[in-house]
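# Architecture at a glance
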Amino acid sequence: MSELPNEMYQVHSILERYVVIHDKIFKFSLRKAIPIPGLFKPIDYGQHFRELDSLISALEQLAISTSNKAGIPNVFQQYVTALLKTMQFLRDMCRRLYDKSQGDLQSYKMGQYKSDVTRYEGLVEKYRSLGSTLNESIRN
């Protein structure tokens, strides 16, 4: 695997950091579920927004630098584009959730949130599917 271009490793590193954020938001935790002082830990949507924004910028630069680069499978660009869309969508959700957490309760209704989660899950499925295809391409 050492013959892979460095940019592919960088994308993987960005993916790992994004997955940590995803898990902090969506993975079940008793600390998030039980509002007991000292145990309850609210989700810091503002911090997640900033981290995602930084990761998105780095991923956009990698997408530009790897377009039409020799040694990179064609499916890689599709994967990067799908991952980028997924991260951008989550970043936008975090912005809306942050605004709501700051007192703008009407800014993000529960119905819109649920609709967004469903759409986000579809985006996650797409980048994961392309990731499987990319992994097969790399193995062959």
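To start, this report covers the structure provided alongside it. Just so it is clear, the model here is predicted, and its values are computed rather than measured.

### Observations regarding helix α1 (residues 6–26)
Under the 1.5 Å per step criterion, the end-to-end length of α1 is 30 Å for 21 residues, consistent within 8% with the ideal 30 Å. Along α1, the positions that sit buried rather than exposed are E7, M8, V11, I14, L15, Y18, I21, H22 and I25. Buried residues of α1, seen end-on, are gathered within an arc of 130° and therefore sit on one face of the element.

### Section: the pattern of salt bridges
All chains considered together, the criterion is met by five salt bridges. One salt bridge connects R91 with D92, and the closest N-O pair in it is separated by 3.4 Å. You can call D92 partly exposed: its relative accessible area is 26%. Taking the shortest distance from any N to any O, the salt bridge between D116 and R96 comes out at 3.0 Å. On the criterion of sequence distance, the pair formed by D116 in helix α5 (residues 110–139) and R96 in helix α4 (residues 74–101) is long-range, its members being 20 residues apart. Of the residues examined, D116 reaches a relative accessible area of 5% and is grouped as buried. Through salt bridges with shared partners, one network takes in D53, R91 and D92.

### Description of the packing of aromatic side chains
Taken as a whole and assessed by the stated rule, the structure comprises four aromatic pairs. On the basis of an interplanar angle of 65° and a centroid distance of 6.2 Å, the ring pair of Y79 and Y127 is categorised as edge-to-face. Remark: Y127 occurs in helix α5 and Y79 occurs in helix α4; sequence separation between them is 48 residues. Classification of Y79 by relative accessible area gives buried; the value is 7%. In textbook terms, an aromatic cluster arises when at least three aromatic residues are bridged by ring pairs, as seen for Y18, Y79 and Y127.

### Examining the packing of α1 against α4
In contact at an axis separation of 11 Å, α1 and α4 are set at 30° when each is read in the N-to-C sense. Viewed along their axes, α1 and α4 adopt a mutual orientation that is roughly parallel. Pair α1 / α4 crosses with left-handed handedness. Residues E7, M8, V11, I14, L15, Y18, H22, I25 and F26 of α1 pack against F76, Y79, V80, L83, T86, M87, L90, M93 and C94 of α4. Taken together, the residues of the contact of α1 with α4 sort by class into 15 nonpolar, two polar and one charged.

Criteria and thresholds
- Residues numbered from 1 in each chain as written.
- Predicted model: local features only at pLDDT ≥ 70, side-chain atom pairs only at ≥ 80, totals over all residues.
- Heavy atoms only, no water.
- Helix = DSSP H or I, 4+ residues; strand = E, 2+ residues; numbered from the N terminus.
- Expected span 1.5 Å × (residues − 1).
- Buried < 20%, exposed > 50% of the residue type's maximum accessible area, 1.4 Å probe, protein only.
- Arc of directions from axis to C-beta.
- Salt bridge = Lys/Arg side-chain N within 4 Å of Asp/Glu carboxyl O.
- Phe/Tyr/Trp six-rings, centres within 6.5 Å; stacked < 30°, edge-to-face > 60°.
- Axes fitted to C-alpha atoms, helices over the stretch in contact; angles between N-to-C directions.
- Parallel < 35°, antiparallel > 145°, perpendicular 65-115°, else oblique.
- Left-handed = near helix turned anticlockwise from the far one by under 90°.
- Contact = heavy atoms within 4.5 Å.
- Nonpolar A, V, L, I, M, F, W, Y, C, P; charged D, E, K, R; others polar.

This is a description of form; function is not addressed.
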